[in-house]
Amino acid sequence: MQGRLSAWLAKHGLVHRSLGFDYQGIETLQIKPGDWHSIAVILYVYGYNYLCSQCAYDVAPGGLLASVYHLTRIAYGIDQPEEVCIKVFAPRWNPRILSVFWVWKSADFQERKSYDMLGIFYDNHPHLKRILMPESWIGWPLRKDYIAPNFYEKQDAH
C-alpha cells in the first residue's frame, strides 16, 4: 500500500520505494544513498522540518548497513504532526551516505554515533569523528561481524 508521501514523491518523479507502514501507522520509505541528500532537501521544503532521530543498524552479517531517519512535519494549527521514516541502505564494503547535517542540524551527534558504532561514513559532515569510543579503537562495535578484542582491564585487588 502506498502512503500519501510516497504518492507525492512518485507524482514528482522522485525515485524511492515504499516499505509500507509500521505498527503506529507511520509511512516507511527506502531511498538510495545517491538520491538521499536531494530528497532530504525536498522533504525539508515540503514541511518535514524536524529530525526526531537518526539511527543505524546492521541488516545481516555480511549484508547491508541501514541509516534510519525519523522526520516530523510540524506546522501551526495542526493537532497531529505528520511523521515519516526514511531508510537508506549502504553496502558494507563502502558505506557512504551524504550527511543531512546542513538540512537538519540535529543530525550532528546522531550521524557521528552511527559512524562510531557501525562505520557508516557521512560525507560532508563537518565533524565526523568518534563520539563514544576512543579515537584509537579499531573496528565498528555494533556490526554483526565485529569480533571483540581479547583484552581485559586490570583491576585493583582492594
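Above this text sits the structure in question.
Criteria and thresholds
- Residues numbered from 1 in each chain as written.
- Predicted model: local features only at pLDDT ≥ 70, side-chain atom pairs only at ≥ 80, totals over all residues.
- Heavy atoms only, no water.
- Core = buried A, V, L, I, M, F, W, Y, C linked by side-chain atoms within 4.5 Å.
- Buried < 20%, exposed > 50% of the residue type's maximum accessible area, 1.4 Å probe, protein only.
- Helix = DSSP H or I, 4+ residues; strand = E, 2+ residues; numbered from the N terminus.
- Contact = heavy atoms within 4.5 Å.
- Expected span 1.5 Å × (residues − 1).
- Bend = angle between axes of the 7 residues up to and from the residue.
- Pairing = 2+ DSSP bridges.
- Disulfide = S-S within 2.5 Å.
- Axes fitted to C-alpha atoms, helices over the stretch in contact; angles between N-to-C directions.
- Phe/Tyr/Trp six-rings, centres within 6.5 Å; stacked < 30°, edge-to-face > 60°.
- Lys NZ or Arg CZ within 6 Å of the ring centre and 35° of its normal.

Concerning the nonpolar core
Right, on to step 1. Membership of the largest hydrophobic core comes to 27 residues, with the highest contact counts inside it found for W36, Y69, L71 and I86.
Right, on to step 2. Contributions of two or more residues to this core are made by α1 (4–11), β2 (27–31), α2 (33–46), β3 (50–58), β4 (65–73), β5 (82–90) and α3 (107–118).
Right, on to step 3. Other than its neighbours up to four places away in sequence, W36 contacts I31, L43, Y69, L71, I86, V88, I97, L98, V100 and W104.

As for α2
Right, on to step 1. Between its first and last C-alpha atoms α2 spans 20 Å; for 14 residues at 1.5 Å apiece the expected length is 20 Å, and the two agree.
Right, on to step 2. Where α2 bends most, the angle comes to about 25 degrees, and this point is I39.
Right, on to step 3. Among the residues of α2, those classed as buried are W36, I39, A40, L43 and Y46.
Right, on to step 4. Buried residues in α2 make contact with α1, β2, β4, β5 and β6 (96–98).
Right, on to step 5. Looking at the residues trailing α2, positive phi occurs at G47, about 125 degrees.

Section: the pairing of β5
When a strand is regular, its side chains alternate between the sheet's two faces.
Right, on to step 1. Here β2 pairs with β5 via five bridges, running parallel. Note on β5: the bridge partner recorded for T28 is C85.
Right, on to step 2. Both β4 and β5 contribute to a ladder of nine bridges, which runs antiparallel. Bridge assignment links V68 to a residue of β5, and that residue is K87.

Some thoughts on the side chain of D116
Right, on to step 1. Relative to the helices and strands, D116 is located in helix α3.
Right, on to step 2. Aside from chain neighbours lying at most four places away, what touches D116 is R130, I131, L132, M133, W140 and P141.

Side note on the state of the cysteines
Right, on to step 1. A full pass over the atoms with the stated rule returns zero disulfides.
Right, on to step 2. This cysteine, C52, is not joined by any disulfide, and C85 carries the nearest cysteine sulfur, 10 Å off.

Re the sheet that holds β2
Right, on to step 1. The strand order β1-β2-β5-β4-β3 describes an open sheet built from five strands, whose pairing is mixed. Of all the strands in the sheet, just β1 (17–21) and β3 have a single pairing partner and so form its edges. Neighbour-to-neighbour, the strand axes of this sheet turn through a mean angle of 20 degrees, independent of strand direction.
Right, on to step 2. The strands touched by α1 are β1, β2, β4 and β5; relative to β2, the strand with the most contacts, the crossing angle is about 35 degrees.
Right, on to step 3. Contacts from α2 reach β2, β4 and β5 within the one sheet, and its direction differs from that of β5 by about 165 degrees.

So, the packing of aromatic side chains
Right, on to step 1. This model, assessed by the stated rule, comprises nine aromatic pairs.
Right, on to step 2. Ring centres of W36 and Y69 lie 4.8 Å apart, and the angle between their planes is 40 degrees; this geometry places the pair in the tilted category. Within this pair, whereas W36 is found in helix α2, its partner Y69 is found in strand β4, the two being separated by 33 residues in sequence.
Right, on to step 3. A residue is classified by how much of its surface remains accessible, and W36, at 0% relative accessible area, is buried.
Right, on to step 4. Taking the relative accessible area as the measure of exposure, Y69 reaches 0% and is therefore buried.
Right, on to step 5. Between F121 and W140, the ring centres sit 6.2 Å apart and the planes meet at 80 degrees, which makes this aromatic pair edge-to-face. With F121 in strand β7 (residues 121–123) and W140 in the segment after β7, this residue pair connects regions lying 19 residues apart in the sequence.
Right, on to step 6. Residue class for F121 comes out partly exposed when judged on its relative accessible area of 27%.
Right, on to step 7. An aromatic cluster is defined as three or more aromatic residues linked by ring pairs; in this entry it consists of W36, Y44, Y69 and W104.
Right, on to step 8. When the ring centre of Y46 is taken as reference, the NZ or CZ atom of R73 above it lies at 4.2 Å.

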